[in-house]
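The lines below spell out each chain.
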Amino acid sequence: MKCPPFSYHRATSVDDAVAALAAAGGEGKILAGGQSLVPVLALRLARPDVIVDVDRVPGLDGLELRDGVLHAGALVRHLALAGQALHPLAAEAARWIGHTAIRSRGTLAGSLAHADPAAELPAVLRACDGAVHVAGPSGTRRIGADDLFVGALQSALEDTEMITGVELPVPDAWGFAEFARRHGDFAVVSVAAARFGDRLRVVVGGVAGVPHLVDAGDLATVDGEISEDRVAILAAAAADDVDPADDLHGSARYRRALTEQMTARALEQLTTTVREPA
Amino acid sequence: MTPTDEHAPASGTPVRRKEDARLLTGRGRFVSDLALPRMRHVAFVRSPVAHGRITGVDTAGALEVEGVSAVFTGEHPAIAPVALRAQSGLPGYVETDQPPLARGKVRFAGEAVAAVVADDRYLAEDGAEAVVVDYEPLTPTVCAWAEPEHPVHEEAPDNVLLSRTFRAGDVDAALDGAAVVVDRELTTNRHGGNPIECRAGVARYEAADRKLTFWSGTQVPWIVRTQLAELLDLPEGNIRVIAPDVGGGFGVKAVLYPEDVALCLMAMAMPGTPLKWVEDRVEHLLAATHARDHRYVLRAGFAADGELLAVKADVWCNTGAYSVYPWTAGIEPLMAGGLLTGPYKLTDYECTVRGVATNTSPSGPYRGVARPSTVFAMEALMDSGARALGLDPIALRRRNLILPADIPYKMPSRLVDDSGAYEACLDKAVATFDLDRWRAEQSRRRTEGGRPIGIGVGVYNELTGLGRAASAGPRMAFRTGHDACTVRINPDGAVTVFSGVTSQGQGLETTMAQVVADALGVDYGDVEVRYGDTDESLWGFGAFSSRQAVISGGAAHLAGEHVRGRALALAAALKEAPVEDLDLRGGEVYMAGQEKPIISLAEVARVAYLQSDRLPEGFEPGLEGTKFYDPIRGAFAAGAQIAALEFDPATGEIGILDWVCVEDAGRIVHPVIVDGQIAGSIAQGIGGAMYEHLVYDEDGNLSTGTLLDYLMPTAGEIPELRIGHVSTPGKNPTGVRGVGEGGTLAPNAVVAGALADALGVEVDDLPVTPARVWELVNP
Ligand SMILES: Cc1cc2nc3c(=O)[nH]c(=O)nc-3n(C[C@H](O)[C@H](O)[C@H](O)COP(=O)(O)OP(=O)(O)OC[C@H]3O[C@@H](n4cnc5c(N)ncnc54)[C@H](O)[C@@H]3O)c2cc1C
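Remember, it's a predicted structure, so these values are computed and weren't measured experimentally.

K.L.:
Explain the overall build of chain A to me, please; I cannot follow it from the model alone.
P.N.:
A tally of helices and strands in chain A yields ten helices and 14 strands. Over its C-alpha atoms, taken along the principal directions, chain A stretches across nearly 60 × 45 × 30 Å. In chain A, which comprises 278 residues, the share counted as buried stands at 56%. Sequence separation of at least 24 residues holds for 61% of the intrachain contacts in chain A that already meet a minimum separation of 6. Accessible surface, chain A as shown: approximately 11,900 Å² in total, 50% of it carbon and sulfur.

See the structure below:
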């Protein structure tokens, strides 16, 4: 459990980091909070030639609300996200991540780039139909949440790209529910639900390679209050829509049942968290 | 204030722990902290296959890695001649070899095949990656109750290393006469000790004087020294084993491991170069001893009034790939058969136990050895019996408990129970818990809604402080009944104690100081305790089977009393006073009827060491003494736990609402240490009952190889525990009973019992996880 050999570059700016990644020719890896990468290195599951440490790059920890969208810097810590009031869904979800020590080091962009399908923040990004801003050798681009997550621990980022910022639209109403084995564990199943006008987005974590956006068809369009019956129907639809696999922490059948339960809980919360009109 | 108040006994009070100043300020001295000049680091190459012949090992690539100085394999001339052989005189026991590094074949995934020595651990791991080992796979056996295709050891074609039948009375006749007969088939989940500090060792060999020093995070330095001497062919006095501060043990470190022997052999092949190996968590989960992978096929008969008439049991214990040194494959099965009936009276009993080799990591002692499983089995029979008879499960237990009037009680396995405090523990636990209130809440929820509540109970006996007549271990070449202690009064009157104990965090330094301070008549603060170093103290077997408070504490008390006698005799001679009128308290000698001391212990000691001209006729200089103690049998410690749990049928979520434990620790030396032992062991028991599970796939790969999948409870999962005591002093010098393990024994039974009580489903396989609860409710 010791890292394989690598060389280390402490980046001073985004440009510096991107240049270092380019110089590594695809064999570089960004280090942010280190809460996922360091264990991966210790188990020798990754062998980058160069570690590009962005943890002290200045100016990447901003949190700003503009036109109903939270603009967050790549290095916003889970703890800061949990403590802010601008985006209550993101705050609630961030509180579910690990323990204090992990939340005070781990970063928003690190979690999104790591793309763990059971992680909280990827589910939130997808539920809010957010996006990441990415810098690379050929300039910057914006990747929408639906395109960012490709598979388990796989994102659409190139090896030479870095997330610099995150857009998280603030929903009109939201709900979050999670079932984990212990306090601070990755979710067995989590559900993030967000309502924008008459549109409902329900995302389930822990049931597929990527955070799963529930295809609820017409059910996803809601008008006015969401009734108890509607919650139950939507929860059943979510359970129908997921296709989980068996693993150590539960059977596919069990995860499907949890999906229904967590969706119901998230939607019940959503019906009580309507944002005050600005 | 009278002198007696001022010098109140240290025992029975929560004196400040001596070890805490260094442990709590980060100044502990662990093997992991040790740095020696010229020290190099070792990484083991571990087998990725569970069972296979080794057809080639190529170390050339590793030797080219920067910083690598040596690579050892099982065929290396320094390693090849040595094998560990755990021995037992039990009839039918199949003795097998365990090589320090695999030779010829590998028997479990994780077995050490080669070792790389390098300048640091990173480079050693780089080297380990470059060692190429070829395997010809053999079919692995993972399950101890499955037919083997390729036996693990040639010597045991059916993989059974040991089997024994315990028999008392006529179980079939008793079953025939029973009003109800219940059958249960249970399996318990493999898990392990997982101390915070994994295994660790530093070995240094000085060729000039043929001296080996082995710093080891072991619970049993003396046993390690004796065995190393045999294996390495060195005089025992040339070996020094030092167990400094050790970060938890729980039994896992009461084993001499092949890695330990390999490290010493490699150090002997590289004289003058200290070699360090610190196990990481992945290695620990993979290759440190596991435990509790058992199956119980049970039948019990009860009379209509609830009397337990018969128990018939077939037990399989998964021994893993090797019979652990020195405890053998018998460690779990023999404990299972010997203690299955627990605190219940029974005359007709038949139980066949087996230790079965498989291609998995070896099983060894883990806090509670086998009894968390047997208590689960026995209490499952009690609960099933109560349901079948329509009786209250607690009343059914009471009906069968061994009572004070029955003591000494010969169990059907012929162990002799000296406790009888079970009912007292159960009564106090039930009262503390307020059973009526919880039963009322249970029915309220049944009618008004809310998550169903279940109440689970476990009553148990902990076999502690085993003397020579009931020695731990299956007829091994040694008996672990005694320990020794030397008490030395220094020339300044302060006291140094050389104790045979070891401590892995459980505060033995403090406990021994308390016992000696009181036996001798000095202040707790004036007693310093040395332990864990075979060059610094006398023989002691170390920490296992809740023995040290009873046995080492007994030796400490006797040694203290003995030296007190010597000191008073000298004081009497010096002051020309009758010795029977003298008393030693707080380091001062008092004469009956006088308020002021007549002489200080410091002055007496000064005379004893430095002023032989003042020594009375016939007095040898010096003021110290050594005593051994063996309780011959041991002290059974009673305990009962009762808890209320709630279950969410929709998600399987389990909530612990209240948990009460009452134990009989006899006379308590340090109340906070005792409660800490009980709380910690209940937490480990809850871990085993609800979270911890080492899972192998059918190819023999460990699926739970990191703490991401092997879940241990954190402070967040363990409820506030309510701990109570009853006290029936044990028949030993300090009146204590062991408390190190009891807490682990009940949680399996409590959690499974609560689930059955809440939802009416019987759980046969542990652990009780949310997924399992949900599956049982939604079959
Ligand atoms: C014990 C423990 C428990 C945890 N529990 C949870 C949990 O319950 N839920 C949860 O969601 N997470 C959990 N985590 C993971 C934690 O949230 C991590 O902080 C997060 O996944 C990664 O963020 P990081 O800043 O630490 O990234 P790092 O570990 O530094 O990097 C992770 C990956 O992201 C890449 N990366 C980092 N920053 C960027 C960037 N700006 N642009 C492009 N790529 C980047 C890295 O190259 C690497 O591949 C846990 C971690 C631990 C150790």
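Once the structure has been displayed, the description carries forward.
K.L.:
Would you explain the overall build of chain B in this entry?
P.N.:
Scanning chain B from terminus to terminus reveals 20 helices and 30 strands. Against the globule reference of 28 Å for 779 residues, chain B gives a C-alpha radius of gyration of 27 Å, in line with a compact fold. When its C-alpha atoms are laid out on the principal axes, chain B stretches across 85 × 70 × 45 Å. Sequence-distant contacts, at least 24 apart, represent 80% of the contacts inside chain B between residues at least 6 apart. Counting only carbon and sulfur atoms, one obtains 50% of the accessible surface of chain B, whose full area is about 26,800 Å². One finds the centroid of the 69 positive side-chain charges in chain B at a distance of 4 Å from the centroid of its 104 negative side-chain charges.

K.L.:
I'm lost on the packing of aromatic side chains in this one. Help?
P.N.:
To describe a pair of aromatic rings, one takes the distance between the centres and the angle between the planes. Scanning the entire structure with this criterion turns up nine aromatic pairs over all chains. Judged by centre distance (6.2 Å) and plane angle (55 degrees), the ring pair of A:W96 and A:F176 falls under tilted. Taken together, the residues A:W96 in the loop between α4 (88-95) and α5 (100-105) and A:F176 in strand β11 (residues 173-180) connect sequence positions 80 residues apart. Judged by its relative accessible area of 5%, A:F176 is buried. Measuring from ring centre to ring centre gives 5.2 Å for B:F44 and B:W277, while their planes differ by 85 degrees; the resulting arrangement is edge-to-face. In this pair, B:F44 is assigned in strand β1 (residues 40-46) and B:W277 in strand β13 (residues 275-278), connecting sequence segments 233 residues apart. With respect to class, B:F44 is no different from B:W277; both count as buried. Each residue in the set B:W222, B:F478, B:W539 and B:F541 is aromatic and connected to the rest through ring pairs, giving one cluster.

K.L.:
Explain the pairing of strand β6 (residues 131-136) of chain A here, please?
P.N.:
All names here are of chain A. Where burial is concerned, most of β6 is hidden: five out of the six residues are buried. Two elements, β6 and strand β7 (residues 139-144), share six bridges in a ladder whose sense is antiparallel. Residue pairing for β7: G136 is matched across the bridge by G139. Linking two consecutive strands that pair antiparallel, namely β6 and β7, is a turn of two residues. Relative to strand β10 (residues 162-169), β6 runs antiparallel, the two being bridged by five bridges. When the bridges of β10 are listed, A135 appears paired with M162.

K.L.:
Whenever I open this one, the pattern of salt bridges confuses me. Can you help?
P.N.:
As a working rule, side chains carrying opposite charge can pair if their charged atoms are close by. A full pass over the atoms with the stated rule returns 69 salt bridges over all chains. The partner of B:E350 in a salt bridge is B:R167, with the nearest N and O atoms 3.7 Å apart. A residue pair is termed long-range when its members are at least 10 positions apart, and B:E350 in strand β17 (residues 348-357) and B:R167 in strand β7 (residues 160-168) qualify at 183 residues. Accessibility expressed as a relative area gives 18% for B:E350, which makes it buried. A salt bridge links B:R240 to B:D533, with the nearest nitrogen and oxygen atoms 2.6 Å apart. Residue B:R240 is located in strand β12 (residues 239-242), and its partner B:D533 is located in the loop between β23 (527-530) and α15 (551-575); the two are separated by 293 residues in the primary sequence. According to the relative accessible area criterion, B:R240 is partly exposed, its value standing at 28%. When salt bridges with common partners are traced through the structure, they connect A:R44, A:R47, B:R46, B:R121, B:E125, B:D126, B:E129, B:R199, B:E259, B:E279, B:D280 and B:E283 into a single cluster.

K.L.:
Could you clarify how one ought to interpret the nonpolar core in this entry?
P.N.:
One recurring pattern in soluble globular proteins: nonpolar side chains tend to sit buried together. All names here are of chain B. Grouped together as the largest cluster of nonpolar side chains are 153 residues, with contacts concentrated most on L228, I642 and W659. No other element matches the nine residues that helix α10 (residues 371-389) contributes to this core. Shared between two domains, this core holds at least three residues of each, these being domain 2 (34-138 + 196-248 + 253-287) and domain 3 (370-466 + 635-777). Excluding its chain neighbours within four sequence positions, the residues that come into contact with I642 are I394, A429, V430, F433, L435, I455, G456, V457, D658, W659 and V660. With 48 residues, the next largest nonpolar core counts V501, A559, L623 and Y629 among its residues.

K.L.:
What exactly am I supposed to notice about the sheet that holds strand β24 (residues 582-585) of chain B here?
P.N.:
Strands in a sheet are paired, the pairing made by backbone hydrogen bonds, and the direction either parallel or antiparallel. Residue and element names in this part refer to chain B. Read across the sheet, three strands follow the order β24-β25-β26 without closing on themselves; strand pairing throughout is antiparallel. Among the strands making up the open sheet, the edge pair consists of β24 and β26 (599-600). The pairing of strand β25 (residues 588-591) with β26 spans two bridges and is antiparallel. Opposite V589, over in β26, you have I599 as the bridge partner.

K.L.:
Would you explain the UniProt feature "domain: FAD-binding PCMH-type" (unreviewed entry) in chain A in this entry?
P.N.:
When the UniProt feature table is mapped onto this chain numbering, "domain: FAD-binding PCMH-type" (unreviewed entry) sits at residues 1-173 of chain A. Between the C-alpha atoms that bound residues 1-173 of chain A there is a distance of 44 Å. The span itself is 32% helix and 27% strand.

K.L.:
Can you help me understand the packing of α15(B) against helix α16 (residues 601-610) of chain B in this one?
P.N.:
Any two packed helices are characterised by the angle at which their axes cross and by the distance between the axes. All names here are of chain B. It is the contact of α15 with α16, at a shortest axis distance of 10 Å, that shows an interaxial angle of 85 degrees. Taken together, the axes of α15 and α16 lie roughly perpendicular to each other. Contacts between α15 and α16 involve A567, L570, A571 and L574 from the former and L601, V604, V607 and A608 from the latter. Grouping the amino acids of the contact of α15 with α16 by side-chain chemistry returns eight nonpolar, no polar and no charged.

K.L.:
What is the right way to read the site of the ligand from this model?
P.N.:
Residues and elements named next belong to chain A. The environment of the ligand is formed by 29 residues, the closest being I30, A32, L37, T107 and E120. Here an oxygen atom of the ligand and a side-chain polar atom of K29 are 3.1 Å apart. For the ligand, an oxygen atom lies 3.5 Å from a polar atom in the backbone of F186. In isolation the ligand offers 950 Å² of accessible surface; the protein chains occlude 89% of this area. Sorting the residues of the shell around the ligand by element identifies β2 (28-31), α6 (108-114) and β10 as the ones contributing at least two each.

K.L.:
What is the right way to read the packing of helix α14 (residues 508-520) of chain B against α15(B) from this model?
P.N.:
All names here are of chain B. At a minimum axis separation of 7 Å, α14 and α15 run at an interaxial angle of 30 degrees. As summarised for this structure, α14 and α15 are arranged roughly parallel, according to the angle between their axes. In this structure, α14 meets α15 at a crossing whose hand is right-handed. Contacts between α14 and α15 involve M512, V515, V516, A519 and L520 from the former and S552, G553, A556, H557, G560, E561, V563 and R564 from the latter. Grouping the amino acids of the contact of α14 with α15 by side-chain chemistry returns seven nonpolar, four polar and two charged.

Criteria and cut-off values
- Residues numbered from 1 in each chain as written.
- Chains lettered and ligands numbered in written order.
- Predicted model: local features only at pLDDT ≥ 70, side-chain atom pairs only at ≥ 80, totals over all residues.
- Heavy atoms only, no water.
- Helix = DSSP H or I, 4+ residues; strand = E, 2+ residues; numbered from the N terminus.
- Buried < 20%, exposed > 50% of the residue type's maximum accessible area, 1.4 Å probe, protein only.
- Contact = heavy atoms within 4.5 Å.
- Areas by Shrake-Rupley, 256 points an atom, 1.4 Å probe, with all protein chains shown as cover.
- Rg over C-alpha atoms; globule rule 2.2 N^0.38 Å.
- Lys, Arg positive; Asp, Glu negative; His and termini not counted.
- Charge placed at Lys NZ, Arg CZ, Asp CG, Glu CD.
- Phe/Tyr/Trp six-rings, centres within 6.5 Å; stacked < 30°, edge-to-face > 60°.
- Pairing = 2+ DSSP bridges.
- Salt bridge = Lys/Arg side-chain N within 4 Å of Asp/Glu carboxyl O.
- Core = buried A, V, L, I, M, F, W, Y, C linked by side-chain atoms within 4.5 Å.
- Domains from an automatic or database assignment.
- UniProt positions renumbered as here; feature names shortened; annotations may be inferred.
- Axes fitted to C-alpha atoms, helices over the stretch in contact; angles between N-to-C directions.
- Parallel < 35°, antiparallel > 145°, perpendicular 65-115°, else oblique.
- Nonpolar A, V, L, I, M, F, W, Y, C, P; charged D, E, K, R; others polar.
- Near = heavy atom within 4 Å.
- Polar contact = N/O pair within 3.5 Å; in protein donor to acceptor, adjacent residues only side chain to side chain.
- Left-handed = near helix turned anticlockwise from the far one by under 90°.

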